[in-house]
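# Descriptive structure summary
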Amino acid sequence: MHELIIINNEVGLYATIVIVSLVLSALLAYAALRARVITRDALVPSALVGFMILIGGPSAIIPFATFLGSSSFVTRVGKERKEELGTAEDIRGRNWKQVLAVGLVPGTLALLAGTAYLTNDTSLYQLLLTASVVGMAYSNADTWASELGVLSKSKPRLLIKPWVKVDPGVSGGVTLMGEVSSLLGSSIIALIYLGAQYLTSFIYHVNLVNLWFVVIVLLLGYLGEVMDSAFGALLQPKYRCPKCGVMTDRRIHVCGERAIRVMGSYDLENEDVNLLVSVIITMIALITMLLIFNPHLIIMNL
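In every chain, residue numbers begin from 1 and rise along the written sequence. The model is predicted, so local features are restricted to residues of pLDDT at least 70 and side-chain atom pairs to those at 80 or more, both for listing and for counting; the totals for chains, interfaces and linings are taken over all residues. Side-chain measures here rest on the full set of heavy atoms in the structure, leaving out hydrogens and waters.

### A short note on the packing of helix α3 (residues 58–76) against helix α6 (residues 122–149)
Which entries qualify depends on this criterion: To define axes, lines are fitted to C-alpha atoms, for helices over the stretch in contact only, and angles between the resulting N-to-C directions are given on a 0 to 180 degree scale. Runs of H or I in DSSP of at least four residues are treated as helices and runs of E of at least two as strands, each being numbered from the N terminus. Reported orientations rely on four angle classes, namely roughly parallel under 35 degrees, roughly antiparallel over 145, roughly perpendicular from 65 to 115, and oblique for the rest. The contact criterion used throughout is that any non-hydrogen atoms of two residues lie within 4.5 Å. When residues are grouped by polarity, Ala, Val, Leu, Ile, Met, Phe, Trp, Tyr, Cys and Pro land in nonpolar, Asp, Glu, Lys and Arg in charged, and all others, Gly among them, in polar.
Their axes nearest at 9 Å, the elements α3 and α6 cross at an angle of 5 degrees. Accordingly, the angle class assigned to the pair α3 and α6 is roughly parallel. Touching Ser 59, Ala 60, Pro 63, Phe 64, Phe 67, Ser 70, Ser 71, Val 74 and Thr 75 of α3 are Tyr 125, Leu 129, Val 133, Met 136, Ser 139, Asn 140, Thr 143, Trp 144, Glu 147 and Leu 148, all from α6. Along the lines of polarity and charge, the residues of the contact of α3 with α6 split into eleven nonpolar, seven polar and one charged.

In structure tokens, the structure reads:
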């Protein structure tokens, strides 16, 4: 009878957490729509991602909130300049593909991590949660690189062909300013994750602080952005304007001339590459942690 009461209490607790998370995620998604952070078609996907992140607990919620806040801020930096360059699409809000591209993988891992914690598997919780935050760090690094790098005074160069100059905002194009911004974007998420680890440890009275995992978040978050640039250069179509001689992502260059396709075997969009890299970089994170740390001894006091 005593065991039955405990089970019923646990089921009731899980059900309460799920219901509260569903309601809260729906309200937050609606607020994001009203604030024009997302478009109308992204309402349901945003609520879904928000629900999964909430299940992950404070160590997932705080880094994800930081990503949303910082990415929204850098998106609005240099708004007039970006509008002149034609790279200001995100200012109108993220659509459903953009929401899922940056949130589906981290959200799924956060959901699995929260479930592991609720079943008292703290080691698995740390493993999955760190991989989730790696995905957030990559998205933040990529956003910072794109939104701040496009403001660089120097012309972007194609990552896989550094001697080739491209238009600002072209997938696979990089600048020094963009790469420094990318590293800063990943570092911010890593530091926030460290603070969230201390907070979660204090709340639940369990030592969840692991500095090595924070380093993994920082390094793999930046590596994800580099991989994104490489994939963007290789997989997304590239065109050359016959009038200006400049490489661009656009079939019609900003000068009005029809561009000629010169690179890219696949008609992938930026969101497709984001999702692909998100899957790859989080898998690398999981494999790295499993190879370096014994999964039964993941919780370490550093």
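From this point, things continue past the structure.
### Observations regarding helix α9 (residues 270–292)
Residues spaced three or four apart along an α-helix face the same direction, because each turn holds 3.6 residues. To keep it simple, the criterion reads: Working rule for helices: expected span equals 1.5 Å times residues minus one. Here's how the labels work: a residue is buried when its accessible area is under 20% of the maximum for its type, exposed when over 50%, partly exposed in between, all with a 1.4 Å probe on protein chains only.
Taking 1.5 Å per residue, 23 residues should reach 33 Å; α9 reaches 32 Å between its end C-alpha atoms and fits that length. Among all positions in α9, only Glu 271, Val 273, Asn 274, Val 277, Ser 278, Ile 281, Thr 282, Ala 285, Leu 286 and Met 289 are buried. Buried residues along α9 sit against α5 (96–118), α6 and α8 (211–235).

### Looking at the pattern of salt bridges
Side chains that differ in charge, positive against negative, can pair when their charged atoms come close. Which entries qualify depends on this criterion: Basic side-chain nitrogens of Lys or Arg form a salt bridge, by our definition, when they fall within 4 Å of a carboxyl oxygen of Asp or Glu.
All chains considered together, the criterion is met by two salt bridges. Put simply, Lys 97 and Glu 269 hold a salt bridge, and the shortest N to O gap is 3.0 Å. Here the residue Lys 97 occupies a position in helix α5, and Glu 269 occupies one in the loop between β6 (260–263) and α9, the gap between them amounting to 172 residues. Judged by its relative accessible area of 24%, Lys 97 falls in the partly exposed class. Measuring nitrogen to oxygen at the nearest pair gives 3.8 Å for the salt bridge that ties Asp 272 to Lys 97. With Asp 272 in helix α9 and Lys 97 in helix α5, the pair connects residues that are 175 residues apart, well separated along the chain.

### Considering unusual backbone geometry
Leave glycine aside and you will find that most residues have negative phi; peptide bonds, for their part, are mostly trans. Although it is not a glycine, Asn 120 adopts a positive phi angle of roughly 70 degrees. The topology assignment puts Asn 120 in the loop between α5 and α6.

### Considerations on the layout of surface pockets
What counts here: Both site types are read off a 1 Å grid over the protein atoms alone. A 1.4 Å probe that fits but cannot get out defines a cavity, while an open set with protein on both sides within 12 Å along at least five of seven lines defines a pocket; lining residues have an atom within 4 Å of a point. Grid points are joined across faces, edges and corners, and a volume is the space filled by probe spheres set on the points.
Taken as a whole, the second largest pocket holds about 460 Å³ of empty space. Around the second largest pocket, the lining is made up of 22 residues, and of these Leu 28, Ser 46, Gly 50, Phe 64 and Leu 68 lie nearest the centre. At the level of elements, α1 (2–34), α2 (43–55), α3 and α5 are the ones that each hand at least two residues to the lining of the second largest pocket. Considering every element that reaches the lining of the second largest pocket, the biggest residue donor is α3, with six residues.

### Section: the sheet that holds strand β3 (residues 173–174)
Rules: Whether two strands pair depends on DSSP finding at least two bridges between them.
Spatially, the three strands line up as an open sheet ordered β2-β1-β3, and their pairing is antiparallel. One side of each edge strand has no neighbouring strand; the edge strands of this open sheet are β2 (161–165) and β3. Note that strand β1 (residues 157–158) and β3 share two bridges and pair antiparallel. Looking at β3, one finds that Leu 158 is bridged to Gly 173.

### Digging into empty space enclosed by the protein
Tallying each qualifying case throughout the model produces two cavities of 30 Å³ or more. When its volume is computed, the second largest cavity comes out at roughly 30 Å³. Secondary structure elements with two or more residues in the lining of the second largest cavity: α6 and α7 (176–204). Residue contributions to the lining of the second largest cavity peak at three residues, all from α6. In terms of residue class, the lining of the second largest cavity is made up of four nonpolar, three polar and no charged.

Geometric descriptors of this kind do not, in isolation, establish any biological role.
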